[in-house]
Amino acid sequence: MKYLVGIDEVGRGAIAGPIFVCAAAIPLNFKIKNKHLGKLLDSKKLSQTKRLEWFNYFINLNKIKFRISKVLPSKIDKINISNSANLAAWRAFKNLIISQNDFVISKIFLDGGLYLKSKNFQKLNFSRAYTVIKGDEKYDVVKIASIIAKVKRDKYMDNLAKKYPYYFFEKNKGYGTKIHLDLIKKYGPILEHRLTFL
């Protein structure tokens, strides 16, 4: 069966926590329709409740395949955020391919700034892979990847909040809000912070 693959990341601009990348696949010509949920949008344009509803819908829809990869802050500090995002994109894509039988790729769409391993590697090895500016607004399969990555990363940060309750990760999700920055000044950074971002 032929599939479209969409790849998107979440957490690029955070100052704490990993970057998450999802590689999702849907059958060619498959249309996402759900009257109850309404129009499928990029994760940034959905409320947390609506994202969770879409996520649960995807999980129960066996036509959608996906894999997640993350890169931790210590690695981000070593190789920078752009290289980390592309590394995670490559890992997620590779794991998606490995996990499926009878998997023929028609096209791969990556949200702007993402490449499979690197720009040159993608160009040389994947002629049907396209990095698209605002791809998460243009292609349903990228929207799906963005929602899954966002929900998975949010859950990760919620769990992290239980370990480090004084940083309120459950609220800021690792982003540099004023309260978060004030708390870093008060308590200092932890291993989950990206020191190069501070």
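Structural data are supplied above this passage.
Residues numbered from 1 in each chain as written. Predicted model: local features only at pLDDT ≥ 70, side-chain atom pairs only at ≥ 80, totals over all residues. Heavy atoms only, no water.

### As for the sheet that holds strand β5 (residues 129-132)
Quick reminder of the rule: The criterion for strand pairing is that DSSP finds at least two bridges linking the strands in question. Put simply, DSSP H or I for four residues or longer makes a helix, DSSP E for two residues or longer makes a strand, and each gets a number counted from the N terminus. Under this scheme, a helix contributes an axis fitted over its contacting stretch, all axes are lines through C-alpha atoms, and angles between N-to-C directions fall in the 0 to 180 degree range. It only takes one pair of heavy atoms within 4.5 Å for two residues to be counted as in contact.
Taken in spatial order, the 5 strands make up an open sheet running β3-β2-β1-β4-β5, and their pairing is mixed. Looking along the sheet, the strands with just one partner apiece sit at the ends: β3 (65-71) and β5. Neighbour-to-neighbour, the strand axes of this sheet turn through a mean angle of 20°, independent of strand direction. Against the sheet, helix α6 (residues 140-163) touches β1 (2-10), β2 (19-27), β3 and β4 (104-111), its axis set at about 40° to β1.

### What to know about the packing of helix α1 (residues 48-60) against α6
As a reminder of what qualifies: Orientation is classified from the angle alone, with under 35 degrees giving roughly parallel, over 145 giving roughly antiparallel, 65 to 115 giving roughly perpendicular, and any other angle giving oblique. Should the near helix be turned anticlockwise from the far one by less than a right angle, the crossing is left-handed, and should it be turned clockwise, the crossing is right-handed.
It is at 9 Å that the axes of α1 and α6 come closest, and there the two elements cross at 110°. What the angle tells us is that α1 and α6 run roughly perpendicular. Here α1 and α6 pass one another in a crossing that is left-handed. Judged by residue contacts, Arg51, Leu52, Trp54, Phe55 and Phe58 of α1 engage Ile144, Ile147, Ile148, Lys150, Val151, Lys152, Asp154 and Lys155 from α6.

### Quick look at the pattern of salt bridges
A side chain of one charge can pair with a side chain of the opposite charge when the charged atoms of the two come close. So the rule is basically this: One side-chain nitrogen of Lys or Arg within 4 Å of one carboxyl oxygen of Asp or Glu is enough to make a salt bridge. Residue exposure (1.4 Å probe, protein chains only): buried if accessible area is under 20% of the type maximum, exposed if over 50%, otherwise partly exposed.
Taken as a whole and assessed by the stated rule, the structure comprises 10 salt bridges. Asp154 serves as the salt-bridge partner of Lys150, at 3.2 Å between the closest nitrogen and oxygen. Here the residue Lys150 and the residue Asp154 both occupy positions in helix α6, the gap between them amounting to 4 residues, near one helical turn. Residue class for Asp154 comes out buried when judged on its relative accessible area of 6%. Salt bridges sharing partners connect three or more residues here, namely Asp42, Lys44 and Asp136.

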